[in-house]
Amino acid sequence: QVQLVESGGGLVQPGGSLRLSCAASGSIFRNNVMGWYRQAPGKERDLVATITDGGSTNYVDSVKGRFTISRDNAKNTVYLQMNSLKPEDTAVYYCNAETRPRPGLVIHYWGQGTQVTVSS
């Protein structure tokens, strides 16, 4: 199975920056998509950004122009660079891996989460 470990969270002032990392171990199949999700207290877990094995990216509207997702396939690591942070970005951020081991079968893996707090 794939193991995902997030790091890089912490406390930052509004307008500041953080870089989250997600290191993967185990098998990574072709057609892999990596993503970052976040969940604030009392709210749903929402998708923030995704990146395909080919480097195509997608972002939720609220973070466009501020966040950048990237991946290093040689290291099996995905990053989320977060700039111009706002208090509403405060949440637990989760790494997600989507694999397709065979046609018609999609499997998702989750990390343990890392806390991001934006406060003055």
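Residues numbered from 1 in each chain as written. Predicted model: local features only at pLDDT ≥ 70, side-chain atom pairs only at ≥ 80, totals over all residues. Heavy atoms only, no water.

Draft legend 1. Focus on the sheet that holds strand S3 (residues 18–25). Read from one edge to the other, the open sheet built from four strands follows the order S1-S3-S8-S7, with strand pairing classed as antiparallel. The strands lining the two open edges of the sheet, one partner per strand, are strand S1 (3–7) and strand S7 (67–72). In this sheet, adjacent strand axes meet at a mean angle of 15° when their direction is disregarded. Of the strand pairs in this sheet, S7 and strand S8 (residues 77–82) are connected by six bridges, and their pairing is antiparallel. Opposite Ser70, over in S8, you have Tyr79 as the bridge partner. (Pairing = 2+ DSSP bridges. Helix = DSSP H or I, 4+ residues; strand = E, 2+ residues; numbered from the N terminus. Axes fitted to C-alpha atoms, helices over the stretch in contact; angles between N-to-C directions.)

Draft legend 2. Region of interest: the nonpolar core. Counting 26 residues, the largest nonpolar core has Trp36, Leu80, Met82 and Tyr93 as its most contacted members. Counting residues per element, the ones that place at least two in this core are S3, strand S4 (33–39), strand S5 (46–52), S7, S8, strand S9 (91–102) and strand S11 (114–118). Setting aside residues no more than four positions away along its own chain, Met82 makes contact with Gly16, Ser17, Leu18, Leu20, Arg66, Phe67, Tyr93 and Val116. (Core = buried A, V, L, I, M, F, W, Y, C linked by side-chain atoms within 4.5 Å. Buried < 20%, exposed > 50% of the residue type's maximum accessible area, 1.4 Å probe, protein only. Contact = heavy atoms within 4.5 Å.)

Draft legend 3. Fine view of the packing of aromatic side chains. One pass over the full model with this rule turns up one aromatic pair. Seen in terms of ring centroids, Tyr37 and Trp110 are 4.9 Å apart; in terms of plane orientation they differ by 65°. Their pairing is edge-to-face. Of this pair, Tyr37 sits in strand S4 while Trp110 sits in strand S10 (residues 105–110); the two residues are 73 residues apart in sequence, bridging distant segments of the chain. For Tyr37, a relative accessible area of 17% gives the class buried. Over the aromatic face of Tyr94 sits the side chain of Arg45, whose NZ or CZ is 3.6 Å from the ring centroid. Above the ring of Trp110, the side-chain terminus of Arg45 is found at 4.9 Å from the ring centroid. (Phe/Tyr/Trp six-rings, centres within 6.5 Å; stacked < 30°, edge-to-face > 60°. Lys NZ or Arg CZ within 6 Å of the ring centre and 35° of its normal.)

Draft legend 4. How the structure looks around the side chain of Glu6. Its place among the elements puts Glu6 in strand S1. One buried charged side chain, Glu6, makes no salt bridge at all; its nearest oppositely charged neighbour is Arg45, positioned 7.5 Å away. Within the structure, the side chain of Glu6 is placed 2.7 Å from the backbone nitrogen of Cys95, a separation counted as a polar contact. Separated by 2.9 Å, the side chain of Glu6 and the backbone nitrogen of Gly113 make a polar contact. (Lys, Arg positive; Asp, Glu negative; His and termini not counted. Salt bridge = Lys/Arg side-chain N within 4 Å of Asp/Glu carboxyl O. Polar contact = N/O pair within 3.5 Å; in protein donor to acceptor, adjacent residues only side chain to side chain.)

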